[in-house]
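Summary of structural features
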Amino acid sequence: MASRRLLMAAAMLASAAAAALLSAPSDAQTERRTFVTHSGAVIETHGDVLDPMYTPSTVEFDPDEFLRNFEYGRVSEEDGRTVRDYTIVARDDLVQEVSPGVFFNVWTFNGTVPGPTLRATEGDLLRILFINNGSKTHTIHFHGVHPAEMDGVFEPVGPGGRFTYEFEAGPAGVHPYHCHVMPLEEHIVRGLYGMLIVDPPGGRAPADEMVMVLNGLDTDFDGENNLYAANTVPFYYQHHPIRIEAGKTVRVYVANMVEFDPVNNFHLHGNLYRYYPTGTDAVPAFYTDMVTMSQTERGIMEFEYEHPGRYLFHAHKVEFSEKGWSGIFLVERQGAPDGA
Ligand SMILES: [Cu+2]
């Protein structure tokens, strides 16, 4: 009898241990993982995922690198003319941690938002091979002068499809490009846009050049932006000030790609800038510290700082600046180690 009780107790202990083992969370279960749902929402969970979703690749985006990066393409010459070949690949399956803990399913040209900044000289022949590696139909619609069939509107490129856009670069200026597939709002707010800079023949005067694409992120899909930025990452240049040199000309190519909100703007502290709307005129239209832009409005800002120090630049629509569209120029005097 006693031995039977002992046996039963042992069996109970063993089954309790087994149950404990079964219910003990494994490493895989405790690890937070990120998933993308069918609707494109990004969720984080420790638990089991029953709805068939997929684990996305994440975007590595460096706003410092993007700021001063220009893509000149593969350059060749045909009949005495400069030809620039580019390849742009669209995807819609990547996820970016746009702000700590905020994961967003971005749609990308060449893996980033914004897409690459293309640069050419007026009169160059541009050949842009577009490969759609996304799950949805996409195109590239360039602003600027080109034939109708190169407009990226009536030539939808389905998943796995390709299209070569070929046109002469021009006019000299700053031109955004973006996907032009319906619903356009979604294809833009997800990140399918970038900038094409066309230089005048003979180039531009030397300057510290940089690109700022002003954008918004609707991370909860309610048709309103939750975050704003210059170059996608909210507050990035506020936490990582852009170092510039006192007395040296800074040239900012700026484009507004914010969806949903009718206007955006750009305010510079402690200084004024010469503003060239669309960058198409050699003479600035304004000398100001504030311009207002609707979507795809763009231009060139040029300025020099006299006094070293830290200067804010931000949207003067306070809601936008408080939700991320804010940065700092750190002006340093050449040769002064402390920037004084
Ligand atoms: Cu698209």
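Calculation criteria
Residues numbered from 1 in each chain as written. Predicted model: local features only at pLDDT ≥ 70, side-chain atom pairs only at ≥ 80, totals over all residues. Helix = DSSP H or I, 4+ residues; strand = E, 2+ residues; numbered from the N terminus. Buried ≥ 20, exposed ≤ 12 C-beta atoms within 10 Å, placed from the backbone. Contact = placed C-beta atoms within 7 Å. Pairing = 2+ DSSP bridges. Axes fitted to C-alpha atoms, helices over the stretch in contact; angles between N-to-C directions. Core = buried A, V, L, I, M, F, W, Y, C linked by C-beta atoms within 7 Å. pLDDT = per-residue confidence, 0-100.

**Examining the overall build of the chain**
Tallying secondary structure elements over the chain gives 6 helices and 23 strands in all. Every one of the 340 residues in the chain was classed for burial, and the buried ones make up 36%. Considering only contacts within the chain whose residues lie at least 6 apart along the sequence, 68% involve residues at least 24 apart.

**Digging into the sheet that holds strand β16 (residues 250-256)**
As summarised here, the arrangement of the 6 strands in space is β14-β13-β16-β21-β18-β19, forming an open sheet in which the pairing is mixed. At either margin of the open sheet sits one strand with a lone partner, and together these are β14 (227-230) and β19 (286-288). Pairs of neighbouring strands in the sheet enclose a mean axial angle of 25°, with direction left out of account.

**Remarks on the nonpolar core**
Ranked by size, the top nonpolar core spans 76 residues in total, and within it I140, M195, M212, L214, Y253 and V254 carry the most contacts. The greatest single-element share of this core, amounting to 6 residues, is contributed by strand β13 (residues 208-217). Those residues in contact with V254, other than ones at most four positions away along the chain, are M212, L214, F266, R298, G299 and M301.

**Things to note about unusual backbone geometry**
Here V113 and P114 are connected by a cis peptide whose omega angle stands at -5°. Mapping P114 onto the fold places it in the loop between β6 (102-109) and β7 (118-121). With an omega of -5°, the peptide bond running from G170 to P171 counts as cis. One non-glycine residue, F221, lies in positive phi territory at about 60°. Position of F221 among the secondary structure elements: in the loop between β13 and β14. The phi dihedral of T296 is positive, around 70°, even though this residue is not glycine. Tracing the backbone through its elements, the reader meets T296 in the loop between β20 (290-293) and β21 (298-303). Given 17 C-beta atoms within 10 Å, T296 falls into the partly exposed group.

**Observations regarding the confidence of the model for the chain**
When pLDDT is averaged along the chain, the result is 89; 86% of the residues meet or exceed 70. For residues 6-26, every residue scores under 50 in pLDDT, and the model assigns this stretch 1 contact once sequence neighbours within four places are set aside.

**A closer look at the sheet that holds strand β22 (residues 309-314)**
With mixed pairing, the 5 strands of this open sheet are ordered in space as β15-β23-β22-β17-β20. Each end of this open sheet is capped by a strand with a single partner; those strands are β15 (242-245) and β20. The mean angle between the axes of side-by-side strands here comes to 25°, regardless of whether they run parallel or antiparallel. Summarising the sheet, strand β17 (residues 264-268) and β20 pair through 4 bridges and their orientation is antiparallel. Bridge pairing links N264 to M293 in β20.

**Re the environment of Y273**
Inspection of the secondary structure puts Y273 in strand β18 (residues 273-277). Put simply, Y273 and E302 are 29 residues apart on the chain and 5.4 Å apart in space, counted from C-alpha to C-alpha. When near neighbours in sequence (up to four residues on either side) are disregarded, Y273 contacts L268, T288, D289, M301, E302 and F303.

**A few points about the pairing of β18**
In this sheet, β19 lies alongside β18 in antiparallel orientation, the contact comprising 3 bridges. Looking at the pairing, Y273 lines up with T288 of β19. Bridge count for β18 against β21 is 4 bridges, and the pairing is antiparallel. Bridge pairing in β21 places R274 opposite E302.

**A closer look at the environment of R310**
Along the chain, R310 turns up in strand β22. Here R310 falls in the partly exposed class, since 13 other C-beta atoms lie within 10 Å of it. Sequence-distant contacts of R310, that is, excluding residues within four places in its chain, are made with P241, I328 and L330.

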